[in-house]
Amino acid sequence: AQRVTQPEKLLSVFKGAPVELKCNYSYSGSPELFWYVQYSRQRLQLLLRHISRESIKGFTADLNKGETSFHLKKPFAQEEDSAMYYCALSGARGSGNTPLVFGKGTRLSVIA
Amino acid sequence: DTGVSQNPRHKITKRGQNVTFRCDPISEHNRLYWYRQTLGQGPEFLTYFQNEAQLEKSRLLSDRFSAERPKGSFSTLEIQRTEQGDSAMYLCASSALRQGRPVIEQYFGPGTRLTVT
């Protein structure tokens, strides 16, 4: 079974402080991991995916298969980073990837 | 806005009534997904289409729920005999095929918020 766990419902940090949003997953095969973000009054949008290994808005995430984790990090939080963050997983299969499985989300609040 | 659109954005209905939601995906996107999101939860997969074919349905999709994508473009999600437990945000997403393989990245619509009284 596929499962994504985000242990923190709410994370509050001061502006300029480092941020780490935790994500652990359970999947027996080769997963594709994603972070989606939802800003206030906006739709859900893709922030980054592990396969592209890119940095978006200063955020990075590394897939650690040994620890089955995909934590989202940013060295210096900005007020505009305040949003709801969802970790999601898609599993590989012959006909294409499985539909996304989402965690419950973590609300990041950056305090000025 | 050329992104995924959903209508209506809000729907309030009485228990026992039928409701229908519409999703218009990004033009030329082959795959269309429906998710449901309740308070404090992430989106949960309901069903998806590749063109007009419904390829997978979640066990969350009870027999009161039906989804169609008749011409491989827009899709409708109907809920019959609504219950209070159906109150949720219903999200639609679409994705493309590239070189015959599905692109994983999904683009989400704004959602339809259903309230069953």
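This one's a predicted model, so the numbers in the text were calculated from it and none came from an experiment. (Residues numbered from 1 in each chain as written. Chains lettered and ligands numbered in written order. Predicted model: local features only at pLDDT ≥ 70, side-chain atom pairs only at ≥ 80, totals over all residues. Heavy atoms only, no water.)

> Please explain the overall build of chain B as it appears in this structure.
Scanning chain B from terminus to terminus reveals zero helices and 13 strands. Scanning chain B from its N terminus toward the C terminus, one meets helices and strands in the order β-β-β-β-β-β-β-β-β-β-β-β-β. Computed over C-alpha atoms, the radius of gyration of chain B comes to 14 Å, within 12% of the 13 Å expected from 2.2 N^0.38 for 117 residues, which places it in the range of a compact globule. Classification of the 117 residues of chain B by burial places 49% in the buried group. The long-range fraction of contacts in chain B, counting pairs at least 24 apart against all pairs at least 6 apart in sequence, stands at 54%. Here chain B has roughly 6100 Å² of accessible surface; of this, 43% comes from carbon and sulfur atoms. Taking the 16 positively charged and 12 negatively charged side chains of chain B as two groups, their mean positions are separated by 3 Å. (Helix = DSSP H or I, 4+ residues; strand = E, 2+ residues; numbered from the N terminus. Rg over C-alpha atoms; globule rule 2.2 N^0.38 Å. Buried < 20%, exposed > 50% of the residue type's maximum accessible area, 1.4 Å probe, protein only. Contact = heavy atoms within 4.5 Å. Areas by Shrake-Rupley, 256 points an atom, 1.4 Å probe, with all protein chains shown as cover. Lys, Arg positive; Asp, Glu negative; His and termini not counted. Charge placed at Lys NZ, Arg CZ, Asp CG, Glu CD.)

> Help me understand unusual backbone geometry in this model?
The phi torsion of most residues other than glycine is negative, and most of the peptide bonds are trans. In this model, Asn7(B) is joined to Pro8(B) through a cis peptide bond whose omega is -10 degrees. Structurally, the position occupied by Pro8(B) is in the loop between β1 (5-7) and β2 (10-13). One non-glycine residue with positive phi stands out, namely Thr68(A), at about 45 degrees. Tracing the backbone shows Thr68(A) in the loop between β7 (60-61) and β8 (72-74). Taking the relative accessible area as the measure of exposure, Thr68(A) reaches 28% and is therefore partly exposed. Even without being glycine, Arg81(B) reaches a positive phi, approximately 50 degrees. Mapped onto the elements of the fold, Arg81(B) is located in the loop between β8 (75-79) and β9 (88-95). A residue is classified by how much of its surface remains accessible, and Arg81(B), at 45% relative accessible area, is partly exposed.

> Would you mind going over the packing of aromatic side chains with me for this structure?
Within a pair of aromatic rings, the relevant descriptors are the distance that separates the centres and the angle that separates the planes. Under the criterion given, the structure shown has 14 aromatic pairs over all chains. With centroids separated by 6.2 Å and ring planes inclined at 55 degrees, the aromatic side chains of Phe45(B) and Tyr48(B) adopt a geometry described as tilted. With respect to class, Phe45(B) is no different from Tyr48(B); both count as buried. Each member of the aromatic cluster is reached from another via a ring pair, and the members are Phe34(A), Tyr36(A), Tyr86(A), Phe102(A), Tyr33(B), Tyr35(B), Phe45(B), Tyr48(B) and Phe108(B). Looking at Arg22(B), its charged tip hangs above the ring of Phe74(B), at a distance of 3.9 Å from the centre. (Phe/Tyr/Trp six-rings, centres within 6.5 Å; stacked < 30°, edge-to-face > 60°. Lys NZ or Arg CZ within 6 Å of the ring centre and 35° of its normal.)

> Can you help me understand the nonpolar core in this one?
The tendency in soluble globular proteins is for nonpolar side chains to be buried as a group. In this structure, Trp35(A), Leu47(A), Leu48(A), Phe70(A), Leu72(A) and Tyr85(A) are the most contacted members of the largest nonpolar core, which totals 25 residues. Where this core is concerned, the elements lending two or more residues are β2 (10-14), β3 (19-21), β5 (31-38), β6 (45-49), β9 (83-91) and β11 (106-111) of chain A. Residue contributions to this core peak at four residues, all from β9(A). Listed in part, the 19 residues of the second largest apolar core include Leu32(B), Leu61(B), Ala67(B) and Ala88(B). (Core = buried A, V, L, I, M, F, W, Y, C linked by side-chain atoms within 4.5 Å.)

> Sorry if this is basic, but what is going on with the interface of chain B and chain A here?
By a frequent convention, interface size equals the accessible area lost on bringing the separate parts together. In this assembly, 21 residues from chain B lie in contact with 19 residues from chain A. Summed over both partners, the interface of chain B with chain A comes to about 1700 Å²; 51% of that surface belongs to carbon and sulfur atoms. Remark: the boundary between chain B and chain A carries one salt bridge. Put simply, Glu105(B) and Arg49(A) hold a salt bridge, and the shortest N to O gap is 2.5 Å. Here chain B is connected to chain A by five residue pairs in polar contact (both at pLDDT 80 or more). Only β4 (31-37), β5 (44-50) and β11 (101-102) of chain B provide two or more residues apiece to the side of chain B that touches chain A. The element best represented in the side of chain B that touches chain A is β4(B), accounting for three residues. (Buried area = accessible area lost by both parts, 1.4 Å probe. Salt bridge = Lys/Arg side-chain N within 4 Å of Asp/Glu carboxyl O. Polar contact = N/O pair within 3.5 Å; in protein donor to acceptor, adjacent residues only side chain to side chain.)

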